[in-house]
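# Coordinate inspection notes
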Amino acid sequence: MKNIVLIGPMGCGKSSIGVKTARRLSLEFIDMDRYIEQKSGMTIPRMFAEKGENFFRDMETRAATELAQKEGAVIATGGGVVLREENMGALGETGRVIFIERPLGDILNDVDIKDRPLLKGGAGKLSEIYSQRYGLYRGYADRVLYNGGTEQAAVNKLAEIIDIYGNPRFAVLGDPIEHSKSPEIHLPVLSDFLGEPRYEKMHVGVGGIPRYLDELKNLRGFNLTMPHKRDIIPYLSGMSREAELGGSVNTVVCRGGGGGRELFGYTTDGEGFFSALQSSGIPFEGKRLLILGSGGAARAIVFRACLFHDIKIGVLSRNSSAAEALESEILYKIPNTDIFADILSPEALESHAVETDILVNATPQGMTGVDSEWDSLDFIRALPRDGAVCDLIYSPAETEFLKVARGLGYKAINGLPMLIHQALVADELYLDMEIDRQFYFEKVSRVLNSGEGKN
Ligand code: NAP
């Protein structure tokens, strides 16, 4: 494993958080200032007083070069290590650099100024140094750990970051699984943060999860597709509220060290759907959404809409009792939701389309390999002129449903933006950080369009 290099101003918690985390994970811990003192046989205040700052900086550069030879150590650096590019070049080459960002007020409360040679000018000097170096800390950091709460919270967070870097293995489980695009979608993102992550397709049939549980716990995380989105639930230690309400999980993050690893479940399809609308320029707040189908994808969208958005929802299903059951379940779990259910008939489609802003196909009709097409798509012309259409299917890229909608002049998108966005939400959960979603949406789209990244 690469070293973990902690940078940040004096008093940000590099040493105290670093030593506790290293102890918990049985990793070697090195405090760079103490290392320099041992090597020189002199305390740092004395070194500054007798030899001057330049001498100390040279010692620091030598220490950075030597410590960069380590493997898997947690290294707490001095606050000024970022002043020389060569220091960070050496440490960054063999380590992951974490900036421990702490509010200046908290630092000022804790730091004992009298032992710090650079703080002879008092507390004001510390703020001056912090603002001078802040850009360097940010610029050199692979990621930022915000230390604004308890020390224990920061230790937990650092332990999680080390786990992510030390264990960059992921998978997608399903049956069938051969067709899955998951590796092509996740790897272009994860590899930018984790060097050389692995992402495998695992063929796991119905009821197969228990046999793979130990193997799965050793991953950083995994995605689930048919038929496992519900079957995984008994093996989870916790779930997001959205996943719990919807009763479906498509992303699992494994946390905790050693044999005590636990699984936490999330659902990202709903957020992926609304991000897709947003990135396609389709407004949805305060709008009326009509969903055709009441299966897993429809449920994810409906629960997300009810929990996070102001949207009036209609669900049409060929099985009217399935749609009504979903309506009752939503009203029971999230009272006062604006939702109705109806049968998926030509008459209902015509009459509801008139009062719809966004029409969504969440049935597999029109999908490659599915032997079923719409009897008639005339109902699409009943949508208001500024209505939009979304088909969750992405293969083929243009279904008959979309072709007709576009032919009538409606804004229409396929399921690919949703597929990519739901994966980006999962990647943020895996990495435990926010990423630039627009940048990665474009990157993954390019990879998929060019056919790169297939394995
Ligand atoms: P699902 O759980 O099997 O649900 C399918 C729904 O469609 C059910 O309500 C089903 O009704 C209905 N249906 C099936 N065949 C039908 C037909 N011939 N006529 C009318 N209704 C029919 O599947 P899902 O996971 O929700 O997926 C639905 C579609 O969304 C699929 O095409 C899938 O590929 C796509 N999807 C896309 C994304 C993405 O990221 N773009 C994500 C998830 C799903 P019954 O209950 O009566 O069978």
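Preceding this section is the structure that the text describes.
Report follows, based on the coordinates. The model shown is predicted, which means the values in this text are computed figures rather than measured ones.

Another aspect to go through is the packing of helix α4 (residues 53-67) against helix α5 (residues 85-94). Two elements in contact, α4 and α5, have axes whose closest approach is 8 Å; the angle formed by their N-to-C orientations is 15°. On the basis of the axis angle, α4 is roughly parallel to α5. Regarding α4 and α5, the two cross each other, and that crossing is left-handed. Facing α4, whose interface residues are E60, T61, A64 and T65, α5 presents E86, N87, A90 and L91. A class-by-class count of the residues in the contact of α4 with α5 yields three nonpolar, three polar and two charged.

Okay, the packing of helix α17 (residues 416-431) against helix α18 (residues 437-450) next. Look at α17 against α18: their axes get within 10 Å of each other, and the N-to-C directions meet at 125°. Taken together, the axes of α17 and α18 are oblique relative to one another. The chirality of how α17 crosses α18 is right-handed. Residues L416, P417, I420, H421, L424, V425 and E428 of α17 lie in contact with α18, whose contacting residues are R437, Y440, F441, V444, S445 and L448. Classifying every residue of the contact of α17 with α18 by side-chain character gives nine nonpolar, two polar and two charged.

This part is about empty space enclosed by the protein. Counted according to the given criterion, the structure contains two cavities of 30 Å³ or more. Considering only enclosed or pocket space, the largest cavity measures out at about 70 Å³ in volume. Around the largest cavity, the lining residues are E242, A243, G246, S248, T267, G296, R299, A300 and F303. Listing elements by their share of the lining of the largest cavity, those giving two or more residues are α11 (241-246) and α13 (296-308).

A word on the site of the ligand. Taken together, the neighbourhood of the ligand is formed by 20 residues, with S294, G296, A297, L392 and G415 sitting nearest. The contact in question runs from a nitrogen atom of the ligand to an N or O atom on the backbone of G415, over 2.9 Å. Summarising the interface, the protein chains cover 73% of the accessible area of the ligand, which totals 920 Å² for the free molecule. Judged by the fraction of its atoms near the pocket grid, the ligand is located in the largest pocket. Taken together, the elements giving at least two residues each to the shell around the ligand come down to α13 and α17. For the shell around the ligand, the class distribution of residues is 10 nonpolar, nine polar and one charged.

So, about the layout of surface pockets. Over the atoms, a rolled probe matching the size of one water molecule traces out where space is still vacant. Estimates place the volume of the largest pocket at around 1,400 Å³. Lining the largest pocket are 42 residues, and of these H179, T225, M226, K229 and Y394 sit closest to its centre. Contributing elements (two or more residues each) for the lining of the largest pocket: α9 (182-194), β8 (221-224), α13 and α17. Here the lining of the largest pocket is built from residues that sort into 17 nonpolar, 18 polar and seven charged.

Calculation rules
Throughout this document, residue positions are counted from 1 along each chain, in the order its sequence is written. In keeping with the predicted nature of the model, local features appear solely for residues at pLDDT of at least 70, side-chain atom pairs appear and are counted solely at 80 or more, and the whole-chain, interface and lining totals rest on all residues. In computing side-chain properties, one takes all heavy atoms of the structure into account and sets aside hydrogens as well as water. Angles shown run from 0 to 180 degrees and are taken between the N-to-C directions of axes, each axis being a line fitted to C-alpha atoms and, for helices, limited to the stretch in contact. Only DSSP runs of H or I with at least four residues qualify as helices, and only runs of E with at least two residues qualify as strands; both kinds are numbered from the N terminus onward. Each angle receives one of four descriptions, namely roughly parallel if under 35 degrees, roughly antiparallel if over 145, roughly perpendicular if within 65 to 115, and oblique otherwise. In this scheme the handedness of a crossing depends on how the near helix is turned from the far one: anticlockwise by less than a right angle means left-handed, clockwise means right-handed. Note on contacts: a residue pair is in contact if any heavy atoms of the two residues lie within 4.5 Å. Residues are sorted three ways: Asp, Glu, Lys and Arg are charged, Ala, Val, Leu, Ile, Met, Phe, Trp, Tyr, Cys and Pro are nonpolar, and all the rest, Gly among them, are polar. The method works on a 1 Å grid over the protein atoms by themselves. A cavity is a set of points holding a 1.4 Å probe that cannot get out, a pocket is an open set with protein on both sides within 12 Å along at least five of seven lines, and residues with an atom within 4 Å of a point line them. Grid points are joined across faces, edges and corners, and a volume is the space filled by probe spheres set on the points. Whether a residue is near a molecule or strand depends on its heavy atoms: if one lies within 4 Å, it is near. Identification of polar contacts relies on pairs of N or O atoms within 3.5 Å, with a donor-acceptor requirement for protein atoms, meaning one able to donate a hydrogen and the other able to accept it, and with residues adjacent in sequence counted only if both atoms are side-chain atoms. With residues, only the protein chains shown are counted as cover, and all accessible areas are computed by Shrake-Rupley using a 1.4 Å probe. Assignment of a molecule to a cavity or pocket requires that more than half of its atoms lie within 2 Å of the corresponding grid points.

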